[in-house]
Amino acid sequence: MRCKKKFDILILMKGMYYFLVVLCALFVGTSSVMAAPVGFVPPSGVWFSEDLFFAGDQVKLHTVVVNSSYQTLSGDIGFYDNGVLVGAVAVSLDFESARQVSMPWEPTVGDHDISASFLNGQAVDFDGSTVSLSDAQLNPTGNAVQTSYYVDTDTDGDDIGDDSDDDDDNDGLSDNKEDEIGSNSKMADTDGDNLDDK
């Protein structure tokens, strides 16, 4: 129970951190919180809707973009999984504003480098002229912000990934024992007789 409380406190603290970063970006203008006049906040700012998730779960990818240089800024925020575009979300920001951008994602098993990049940027300057922005202007901290995450499978739905779970199918036999006797560690009823392997 003590671990669960600590975990809940950590999730609450993480949520408060992102809320404060967005709040600062909205009200402080060009403060040191912002990585650049146009770009992402915080600089390493791609995160997930869940702290713990597995292959096949429905997860949201999040980032925050900011505009403190132009009257208006519009374009697309592209989210990438291992360099492959997952999808893009259209954004439009007024001067000195920030916006959280989200996109649904269904992860597969394995390592994932998730990144976000500003695409197809157009801005309206204070004299009313339209400006096409270069990649360097749109992504001043580099090509993208990113984070890495290993996605595991949770065969028995106990919130312990199979790589860490001694009994993947929760049938009462350890994975090692199932390997020893020749039953399937991913199926509670290997032979289909409506009885668990144990």
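Everything numeric here is computed off the predicted structure, so don't read it as measured data. (Residues numbered from 1 in each chain as written. Predicted model: local features only at pLDDT ≥ 70, side-chain atom pairs only at ≥ 80, totals over all residues. Heavy atoms only, no water.)

Right, let's talk about the overall build of the chain for a bit. The number of helices and strands found in the chain is three helices and nine strands. Taking all 198 residues of the chain together, 39% fall into the buried category. Counting contacts in the chain only where the partners sit at least 6 residues apart, residues at least 24 apart contribute 59% of the total. For the chain, the exposed area adds up to about 11000 Å²; of that, 53% sits on carbon and sulfur atoms. (Helix = DSSP H or I, 4+ residues; strand = E, 2+ residues; numbered from the N terminus. Buried < 20%, exposed > 50% of the residue type's maximum accessible area, 1.4 Å probe, protein only. Contact = heavy atoms within 4.5 Å. Areas by Shrake-Rupley, 256 points an atom, 1.4 Å probe, with all protein chains shown as cover.)

In terms of nonpolar packing, the biggest core is built from 25 residues, with Phe48, Phe53, Ile77, Phe79, Val101, Trp105 and Phe118 touching the most fellow members. Every element with two or more residues in this core is listed here: β3 (59–67), β4 (72–81), β5 (84–94), β6 (97–105), β7 (110–124) and β9 (145–151). With four residues, β7 is the single largest residue contributor to this core. (Core = buried A, V, L, I, M, F, W, Y, C linked by side-chain atoms within 4.5 Å.)

Attention shifts here to the confidence of the model for the chain. The predicted model of the chain averages 77 in pLDDT, with 73% of residues at 70 or higher. The least confident element of the chain is helix α1 (residues 2–28), whose mean pLDDT is 45; the most confident is β5, at 95. Scored below 50 in pLDDT, residues 1–13 shows two contacts in the model against residues more than four places distant or in partner chains. Low confidence marks residues 19–36, where pLDDT is under 50. Its contacts with residues over four positions away, or in another chain, come to 26 contacts. (pLDDT = per-residue confidence, 0-100.)

Another aspect to go through is the environment of Asp168. Its place among the elements puts Asp168 in the loop between β9 and α3 (175–181). Residue classification places Asp168 among the buried residues on the basis of a relative accessible area of 4%. Leave out the neighbours within four places in its chain, and Asp168 touches Thr155, Asp156, Asp162, Asp175, Ser185 and Lys186.

Once that is clear, we can look at the environment of Val84. The residue Val84 is located in strand β5 in this model. By relative accessible area, which is 55% here, Val84 ends up exposed.

On to the pairing of β4, then. Counting buried residues in β4 gives seven out of ten residues, a clear majority hidden from the surface. Note: β4 against β5, ten bridges, orientation antiparallel. Looking at β5, one finds that Gly75 is bridged to Val91. Here β4 folds back onto β5 in antiparallel fashion, the turn holding two residues, of which Asn82 has a positive phi close to 55°. With nine bridges joining them, β4 and β7 adopt antiparallel strand pairing. Bridge assignment links Thr72 to a residue of β7, and that residue is Val124. (Pairing = 2+ DSSP bridges.)

Inspection of every chain in the model, using the stated rule, returns six aromatic pairs. Note on Phe48 and Trp105: the rings are 5.9 Å apart at their centroids and 20° apart in plane angle, and the pair reads as stacked. Within this pair, whereas Phe48 is found in strand β2 (residues 47–48), its partner Trp105 is found in strand β6, the two being separated by 57 residues in sequence. Accessibility assignment for this pair places Phe48 and Trp105 in one class, buried. Pairing Phe53 with Tyr149 gives two aromatic rings, centres 4.2 Å apart and planes at 10°, and the pair type is stacked. Placement of the pair is Phe53 in the loop between β2 and β3 and Tyr149 in strand β9, with a sequence separation of 96 residues. Through a chain of ring-to-ring contacts, the aromatic side chains of Phe48, Phe53, Trp105 and Tyr149 assemble into a single cluster. (Phe/Tyr/Trp six-rings, centres within 6.5 Å; stacked < 30°, edge-to-face > 60°.)

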